[in-house]
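Take a look at the letters that make up each chain.
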Amino acid sequence: MLKRLRENKSSQGTLLITPTLIFMVGLLIIPLLLTLIISFGRRSADGNVIYTFGLHNYIRILGISTACEGGQSLCFDPLYANILRRSLALAFNSTVLVILLAYPLAYFIARAHPKRRNTFLFMVLVPLWTNFVIRVYAWMMLLRTQGVINSVLGWLAGLVGIPFAPFEMLYTPGAVLVGMVYEFLPFMILPIFTSLEKIDNSLYEAAADLGANPIRTFLRVTLPLSMPGVVAGTILVFIPVMGTFIVSDLLGGRQVILIGNLIQRQFLDARDPTFGSAASLILMAMTLIVTFFYTRKFGFGEEIVAA
Amino acid sequence: MSEFAVELQDVVKRFPTPEGGEVLAVDHVTMQIKNGEFFSMLGSSGCGKTTSLRMVAGFEWPTSGEVYIEGIAQGHTPPFKRPVNTVFQSYALFQHMTVFQNVAFGLEMDGAGKDEIKKRVARALEMVQLTGMDRRYPRQLSGGQQQRVALARAIVKTPDVLLLDEPLGALDLKLRKEMQLELKALQQKLGITFVYVTHDQEEALTMSDRIAVMSQGKVLQMGSPVEIYERPNCKFVADFIGTSNFLEGTVKSLEKGMANVFIPAFNTEIKGIVSGEVSVGETVAVSVRPEKIRLADKAVLNQNCFEGTIDLVTYIGSDTHLYVGLNGMKLKVWEQNKISSLDPTAYYTVGQKVWLALFPENTLVMASE
Ligand SMILES: Nc1ncnc2c1ncn2[C@@H]1O[C@H](COP(=O)(O)OP(=O)(O)OP(=O)(O)O)[C@@H](O)[C@H]1O
Ligand SMILES: [Mg+2]
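Just so you know, these numbers come straight off a predicted model, no measurement behind them. Residue positions are counted from 1 within each chain, in the order its sequence is given. Chain labels run from A onward and ligand labels from 1 onward, assigned in the order the entries are written. Local features are withheld for residues below a pLDDT of 70 in this predicted model, meaning they are given only at 70 or higher, and side-chain atom pairs are given and counted only at 80 or more; totals for whole chains, interfaces and linings count all residues. To get the side-chain values, take all heavy atoms of the structure and skip hydrogens and water.

Novice: Help me understand the interface of chain B and chain A in this model?
Specialist: One frequently used descriptor of interface size is the decrease in accessible area upon assembly of the parts. Throughout, a residue-residue contact means that at least one pair of heavy atoms, one from each residue, lies within 4.5 Å. On the chain A side, the residues contacting the 22 residues of chain B number 19 residues. Accessible-area loss on putting two parts together, using a 1.4 Å probe and summing over both, is the definition of buried area adopted here. Summed over both partners, the interface of chain B with chain A comes to about 1900 Å²; 61% of that surface belongs to carbon and sulfur atoms. Interface area lost by chain B to chain A is led by B:Phe80, B:His96 and B:Met109, which between them contribute 32%. For salt bridges, the criterion is a side-chain nitrogen of Lys or Arg within 4 Å of an Asp or Glu carboxyl oxygen. Where chain B touches chain A, the interface holds 2 salt bridges. A:Glu205 is the partner of B:Arg54 in a salt bridge, and the nearest nitrogen-oxygen pair spans 2.7 Å. Polar contact criterion, stated in full: a pair of N or O atoms within 3.5 Å, where within protein one must be able to donate a hydrogen and the other to accept it, and residues adjacent in sequence count only if both atoms are side-chain atoms. Applying the counting criterion to the chain B and chain A interface returns 8 residue pairs in polar contact (both at pLDDT 80 or more). Numbering of helices and strands starts at the N terminus; helices are DSSP runs of H or I of at least 4 residues and strands are runs of E of at least 2. Secondary structure elements with two or more residues in the side of chain B that touches chain A: α1 (49-57), β6 (84-87) and α2 (99-109) of chain B. The element best represented in the side of chain B that touches chain A is α2(B), accounting for 4 residues. For the side of chain B that touches chain A, the class distribution of residues is 12 nonpolar, 6 polar and 4 charged. Polar here means any residue other than Ala, Val, Leu, Ile, Met, Phe, Trp, Tyr, Cys and Pro, which are nonpolar, and Asp, Glu, Lys and Arg, which are charged; Gly is therefore polar.

Written out as structure tokens, the structure is:
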């Protein structure tokens, strides 16, 4: 038996991937299948699942309604479609903003003196040591009507003697955007930094040697060679922003409901796991579609460009 | 056009070290490199070759002194404004660009038109024998081919001066030899000044019009390969270039370019050509190349002739390499095998007594430092 194993490459391979397979099946495939089965079911009066097969949950999300005001038998109810659209738009905007902020930061860190570089990286990572929720709460303190920002502004206005009405910042889409950008910035900085750091200094010198000024060197050499980092960061940021509900819950209040909030409420408040499951799968499908087209265009960011 | 393509005037380069000290990488170097010349900087690791080259390219600025290109002082001119191009030791090819795009890069930066770029890239690729490879990426090429791309990328701009930093360092011996000849041929065809950095003395000797031998940031000697090999101006150069036997002695007298040197180990005087500068009373090195010692069965000279015993015989085909012991020293002697014999004794035997004739015209007296 052992001898056979030693000689047979393919059974060795099977043995080696077995742990991975067990994990994948146990933690990914089975839960997904359960979610799929539940999403076809119906909610019972006490919030349990009645296992039937129907597409009613999906029909509801897509906004095809039978309870219409004008007396028609079928009409479009944009409630959930709007949530989906809002989630997508927010994820898109956050990701773009995160890229715009993270790239210069990563560039600055990558080109900093090696001694200071570690300090900067440390500073990027420090926020991740505190709890996610606590960091969002900190933003509430800052953004509240009587919060830090308004107090400071009011105090400054008082100094110069102009009347000051506090800004309504908390519970707005803007607050959610700020929260998202803040939360996920490190996940963009790190991969971009990594790919920038990999670029050998001699490439910059070669570009300069061939007549490229610093701006053209950046556009023709630095930027393309750091794209794998941008792509990896985009995937790392876009997917969680699509799904997260804490940021929008705390900073958006009832104003900004995203698909993550919808799912959370179906499971906890509305006690309808069947609709929650359907919404989860829709979220997954949307994320997959976006990442599919994105990675088809840009790759997975894994093609490490050997310098 | 100025007579010199590149001139280094009393250039000094100091680097700060992380420990807070300073390294003197280039120590008061003055060089004049003529237009169209194949000029090599030769020296062992850390002697400041790369640093000197980088100061010409503009990647480093001299701490003091001045670099001139075509007679124009460069000061702090950035690299992209200097009329020189570099072939990097690591090639530094753009991995995200095809061979064509790599070679076209420099022309695009100059704002050349599409058609012109196409024509010139094709010509450059033809020159380095890479025609047909233009759509490959660097990672799809062998080391030798990547080296050629780096070369094509640098020559396509027809710079006044091409700087090459150990461009063949990563290639195997056979390919290296081939590329040496190709580079030399290319240089003659283009008529561009080549400034070539290498630590391989054979490479420098085969390719260069002139060589600067460097050590510890200083230029020790500058001259043609023949001058460097036949008249090294100090022991370091004689030792670094080729192989040599050294005897230590004191200069007794000098006349007409010849010196009489007392060798304590032999307790006699030896006569040789003054190579470089020596003065009477100075402790000097007497250098004799192993291929220039003549073996005989009797004393063929009144002076400079010694009897010794053969210690070791190594037959290497074209030559026989011998170690001859005399007065407790061992001298290397290389004899060309001008005979064709199967008899091993025809090529000397261990223990055999022989006379060594160190002809004064083949014996060099030079500074020992
Ligand atoms: N950027 C730098 N910072 C500090 N010291 C440096 C720097 N560049 C070179 N040096 C030092 O300067 C000296 C000369 O270096 P250089 O690279 O010119 O040597 P080299 O002759 O090219 O050697 P090799 O044949 O190994 O490439 C070395 O002692 C090196 O450690
Ligand atoms: Mg070097």
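Novice: Would you mind going over the sheet that holds strand β14 (residues 283-288) of chain B with me for this structure?
Specialist: Whenever strands of a sheet pair, they do so through backbone hydrogen bonds, lying parallel or antiparallel. DSSP-based pairing: two strands are paired if at least 2 bridges between them are found. Taken together, 5 strands build a closed barrel; the order of strands is β11-β12-β13-β20-β14 (chain B) and the barrel is mixed. With direction set aside, neighbouring strand axes in the sheet form an average angle of 55°. All axes are obtained by fitting lines to C-alpha atoms, using only the stretch in contact for helices, and the reported angles, taken between N-to-C directions, cover 0 to 180 degrees.

Novice: Looking at this structure, how should I read the sheet that holds strand β18 (residues 329-336) of chain B?
Specialist: Residue and element names in this part refer to chain B. In spatial order, the strands read β15-β19-β16-β17-β18; together these 5 strands make up an open sheet with antiparallel pairing. The two strands at the open ends of the sheet, each matched to only one other strand, are β15 (294-296) and β18. Across the sheet, the axes of successive neighbouring strands diverge by a mean angle of 45°, strand direction being ignored. Direction of pairing for strand β16 (residues 305-315) relative to strand β17 (residues 319-326): antiparallel, over a ladder of 6 bridges. Bridge assignment links Val-313 to a residue of β17, and that residue is Leu-322.

Novice: Can you walk me through the pattern of salt bridges in this structure?
Specialist: When the charged atoms of two side chains lie near each other, side chains of opposite charge can form a pair. All names here are of chain B. Going through the model one piece at a time under the given rule, you end up with 20 salt bridges over all chains. For the salt bridge of Arg-176 with Glu-203, the shortest nitrogen-to-oxygen distance reads 3.0 Å. Here Glu-203 lies in helix α6 (residues 201-207) and Arg-176 lies in helix α5 (residues 173-190), a separation of 27 residues in the sequence. In this pair, the class of Arg-176 matches that of Glu-203, namely buried. For each residue, the accessible area found with a 1.4 Å probe, counting protein chains only, is set against the maximum for its type, and the residue is called buried under 20%, exposed over 50%, and partly exposed in between.

Novice: Explain the packing of aromatic side chains to me, please; I cannot follow it from the model alone.
Specialist: Ring pairs (aromatic) are described by centroid distance and by the angle formed between their planes. Geometry of aromatic contacts follows a simple scheme: Phe, Tyr and Trp rings, the Trp one being its six-membered ring, pair when their centres are within 6.5 Å, and the pair is stacked under 30 degrees between planes, edge-to-face over 60, tilted otherwise. Inspection of the entire model under this criterion finds 18 aromatic pairs over all chains. Considering the side-chain rings of A:Tyr103 and A:Phe218, the 5.9 Å spacing of their centres and the 90° angle between planes classify their relative orientation as edge-to-face. Of this pair, A:Tyr103 sits in helix α4 (residues 79-111) while A:Phe218 sits in helix α10 (residues 214-243); the two residues are 115 residues apart in sequence, bridging distant segments of the chain. For A:Tyr103, a relative accessible area of 10% gives the class buried. Measuring from centroid to centroid gives 5.5 Å for B:Phe38 and B:Phe194, while their planes differ by 40°, and the two rings are tilted. Placement of B:Phe38 in strand β3 (residues 38-43) and of B:Phe194 in strand β8 (residues 193-198) is noted, with a sequence separation of 156 residues between them. Classification of B:Phe38 by relative accessible area gives buried; the value is 0%. Relative accessible area serves as the criterion here: at 0%, B:Phe194 is assigned to the buried category. An aromatic cluster of at least three residues, connected via ring pairs, comprises A:Phe40, A:Phe53 and A:Tyr58.

Novice: I would appreciate a short explanation of the pairing of β16(B) in the present structure.
Specialist: Put simply, side chains in a regular strand alternate between the two faces of the sheet. Residue and element names in this part refer to chain B. Note: β16 against strand β19 (residues 353-357), 5 bridges, orientation antiparallel. Looking at β19, one finds that Glu-307 is bridged to Trp-355. What sits between the antiparallel neighbours β16 and β17 is a turn of 3 residues, in which Gly-317 has the positive phi angle 95°.

Novice: I keep staring at the site of ligand 1 and nothing clicks. Help me out?
Specialist: Residue and element names in this part refer to chain B. Here a residue is near a molecule or strand as soon as one of its heavy atoms is found within 4 Å of it. Near ligand 1, the surroundings consist of Phe-15, Val-23, Ala-25, Ser-45, Gly-46, Cys-47, Gly-48, Lys-49, Thr-50, Thr-51 and Glu-166. Between an oxygen atom of ligand 1 and a side-chain N or O atom of Ser-45, the distance comes to 2.5 Å. Methods summary: accessible areas were calculated by the Shrake-Rupley approach with a probe of 1.4 Å, and residue burial reflects only the protein chains presented. Within the complex, 63% of the 640 Å² of free accessible area of ligand 1 lies under protein. For the shell around ligand 1, the elements supplying multiple residues, two or more each, are β2 (22-34) and α1. If you tally residues by element for the shell around ligand 1, the top one is α1, at 3 residues.

Novice: Sorry if this is basic, but what is going on with the side chain of B:Arg148 here?
Specialist: Summarising the element assignment, B:Arg148 is placed in helix α4 (residues 143-155). Excluding residues within four positions of it along the chain, B:Arg148 makes contact with B:Val128, B:Gln129, B:Leu130, B:Met179 and B:Glu182.

Novice: Can you walk me through α1(B) in this structure?
Specialist: One turn of the α-helix equals 3.6 residues, which is why residues spaced by three or four share an orientation. All names here are of chain B. In terms of residue burial, α1 counts as a mostly covered element, since 7 of its 9 residues are buried. What α1 keeps buried is the set Lys-49, Thr-51, Ser-52, Leu-53, Met-55, Val-56 and Ala-57. Where α1 ends, the next residue or the one after it, Gly-58, has phi of about 100°, a positive value.

Novice: Hey, could you run me through the domain arrangement of chain B in this one?
Specialist: All names here are of chain B. Residue ranges assigned to each domain were obtained from an automatic or database domain assignment. Splitting chain B by domain gives domain 1 (4-230) and domain 2 (235-367). One C-alpha centre belongs to domain 1, the other to domain 2, and the line joining them spans 39 Å. Opposite the 14 residues of domain 1 that make contact, domain 2 presents 9 residues. Of the roughly 1000 Å² buried between domain 1 and domain 2 on both sides combined, carbon and sulfur atoms contribute 66%. Of all residues in domain 1, the largest losses of buried area upon contact with domain 2 belong to Gln-201, Tyr-229 and Glu-230, amounting jointly to 51% of the total for that side.

Novice: Quick question: what am I supposed to make of the environment of B:Tyr137 here?
Specialist: Position of B:Tyr137 among the secondary structure elements: in the loop between α3 (114-127) and α4. Among the residues examined, B:Tyr137 registers a relative accessible area of 29% and is labelled partly exposed.

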